[in-house]
Structures are given as C-alpha cells and as structure tokens.
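# Close look at the chain arrangement
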Amino acid sequence: MERYICFKKERLMKAHIITSHGEPFEVFEIIDLDTPRIRNDEVLVKVHYTSVNPVDCRIRKNAESNRDFPLVLGFDLYGEVVDTGTAMDDLTPGDHVIASPTPFAAGANAEYIAVKAQACLKVEGLDPVIGAAIPLVGITAYESLFDRLQIIKDQVVLIHAGAGVVGHLAIQLAKNAGCSVITTASREQSIDLCRRLGADHVINYKNESVSTAVEQITNGRGVSCILDTVGGETFLESLGCLRPCGHICTILPAGIDDRSANANLLRNITVSYEFMGAS
C-alpha cells in the first residue's frame, strides 16, 4: 500500500494560483493552501525560485484543458529538499535541486511542492536564478536534439528562433555536438546573441526567405535536421528546407495537410514531436 508522508500537517503555505482560465489580471490570486503530502517516490521541496514558461500561459488560457481549480502553475524550480519519501537513497533534506515538475499536477508557484525524485537534479554552486530557468527548456532542447533528431557530428541543423528560450540552449548543445548551426532571428540584439552563442549562420526571417537562404547556405542540398520552436506556417515552410531522409522535430502541436504529407512521403521525411512532460 502506498505510504503518504505529511510535512508539518498543520501548516498552511502561500501559493500563487489561478482561479479559472482567463487573462492574468482576471485569474491570479495568492491564497493559503495545505502543504503538499508526498508519496514514497517524491520529495518535498521548499521553492526558492521558479520561472514562467509558455506552457504556463497555454494552460492558463486553454479552457479545454479540463483542469481543477485553484491551480498552481510553475514548471521549473530551484529549491531545497525538506522531506523525502521512503524510496529515496540519493536525495536528503538540505540538498539543493533543480527540477521540472509535471504540468499535470500542482506546480512550483508556491512555498512548497511535492515532486517526483526522478525529476530532480542535485546541484552545488549553481546560481539559483539560472538554475530555476534551466530544467523545462533545457530538457526540451536536449531531448529534441539527441532523442528525437539524434544529431551527430558534422550535420547541418536548422534551429528556429535561436534567441528564444529553447533555441538559445539548442544552439549551444548542437555546436557542442560538432554540428553546423543555421538559426533564425529578427531583432539586432537577437541576431547578435545567436552569433555569440556560436551559430554559423543567422537568417533574418523578416528580411529574407528562410528557405531561399538555407538553399544558398547549403548549396542546394538542404539541412539534415530541423528543430522547430515556432509552429504554424514556419513548421510547414521548413519541410522544404530538408534534404531527402531529413528529420524535423517540433515542440508545438503543428499539423500536416495531405499535400505536405505526400511530399514528405516522396522524400522519406521524418516528423517528430517533443513534449518533455510525456516522460
């Protein structure tokens, strides 16, 4: 039988919750909630820092997500372990961790959170502000490149929105793996950041056609892999940038029509989706 552990059962904690789906000024409140109980495979973490991700906004806005309220958002954290389940042998109270809680349970916008131990990484000497911004986007970038696209040295990779939260980490990971990186941006500051991160080519998508630029950069061969962090028309247009047997991974619910699917079939194109919350 599952054993539950209750940390300071009588204690209430402050939590930043949403009362329903809607705009921020309509639905956010700070209220008292019971301190979470933990299962055997969980740890109770005192939250020091958390961050805001696009998934927070999607959940808040999406009335079709069928969530229970009040709902605590926040799917990144840096904090301190204060209690552990009985299955723990590598995390103990006092350890500092970064974690990405599942978006299907209460998040980290609160004083305490119960989180799966396997979703935590023990850290030492890490800037807590940076630590709180790494997990969700870092895991997304890593899984997209290495689990889905399975990039290897000397491949040419197109990463959309290189100055974005996932994109700026993906550039560094791809370069560290020995790939040549093409990325997209528009603002001067974003273009400069992408170059400083190591991108080999930065396409200003507002001033030029991305597909034409990729064709010129690759001498008409196209790229082996694409990481799409934009979705919509960008995803569909990107399919034409792939060489035969190429692979595109998107982190958004981008769809493919019959015409695009037929073109993909004739060129043996692989399409993958990455949602780190699934694992």
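Residues numbered from 1 in each chain as written. Predicted model: local features only at pLDDT ≥ 70, side-chain atom pairs only at ≥ 80, totals over all residues. Heavy atoms only, no water.

## Thoughts on the overall build of the chain
Looking only at helices and strands, one finds 9 helices and 16 strands in the chain. Counting all 279 residues of the chain, 46% fall into the buried class. Considering only contacts within the chain whose residues lie at least 6 apart along the sequence, 63% involve residues at least 24 apart. Of the roughly 14,500 Å² of accessible surface on the chain, 50% is carried by carbon and sulfur atoms. Of the charged side chains in the chain, 25 are positive and 35 negative, and the gap between their average positions amounts to 2 Å. (Helix = DSSP H or I, 4+ residues; strand = E, 2+ residues; numbered from the N terminus. Buried < 20%, exposed > 50% of the residue type's maximum accessible area, 1.4 Å probe, protein only. Contact = heavy atoms within 4.5 Å. Areas by Shrake-Rupley, 256 points an atom, 1.4 Å probe, with all protein chains shown as cover. Lys, Arg positive; Asp, Glu negative; His and termini not counted. Charge placed at Lys NZ, Arg CZ, Asp CG, Glu CD.)

## Topic: the sheet that holds strand 8 (residues 96–99)
The strand order across the open sheet formed by 5 strands is 9-5-7-8-10, and the pairing between neighbours is antiparallel. Single-partner strands in this sheet number two, and they are strand 9 (112–116) and strand 10 (120–122). Along the sheet, successive strands turn relative to each other by an average axial angle of 45°, direction set aside. Where strand 7 (residues 77–84) lies against strand 8, 4 bridges are found, and the strand directions are antiparallel. Of the residues in strand 8, the one forming a bridge with glycine 79 is valine 97. (Pairing = 2+ DSSP bridges. Axes fitted to C-alpha atoms, helices over the stretch in contact; angles between N-to-C directions.)

## Points about the packing of aromatic side chains
Applying the stated criterion to the full structure yields 2 aromatic pairs. Considering the side-chain rings of phenylalanine 104 and phenylalanine 275, the 6.1 Å spacing of their centres and the 80° angle between planes classify their relative orientation as edge-to-face. Of this pair, phenylalanine 104 sits in the loop between strand 8 and strand 9 while phenylalanine 275 sits in the segment after strand 16 (270–273); the two residues are 171 residues apart in sequence, bridging distant segments of the chain. Residue phenylalanine 275 is classed as partly exposed on the basis of its relative accessible area, which comes to 41%. When the centroid spacing of 4.7 Å and the interplanar angle of 40° are considered together, the rings of tyrosine 142 and phenylalanine 146 count as tilted. Of this pair, tyrosine 142 and phenylalanine 146 both sit in helix 4 (residues 135–148), 4 residues apart, which is roughly one turn of that helix. When its relative accessible area of 43% is taken as the criterion, tyrosine 142 is described as partly exposed. (Phe/Tyr/Trp six-rings, centres within 6.5 Å; stacked < 30°, edge-to-face > 60°.)

## A few points about the confidence of the model for the chain
With 96% of its residues at a pLDDT of at least 70, the chain reaches an overall mean of 93. Long-range and interchain partners of residues 1–5, a stretch whose pLDDT sits below 50, account for 15 contacts in this model, where long-range means more than four residues apart. (pLDDT = per-residue confidence, 0-100.)

## Regarding the side chain of serine 224
The residue serine 224 is located in strand 14 (residues 223–228) in this model. Judged by its relative accessible area of 14%, serine 224 is buried. Among all residues touching serine 224, those that are not within four sequence positions of it are Gln155, Val156, Leu242, Arg243, Gly246 and His247.

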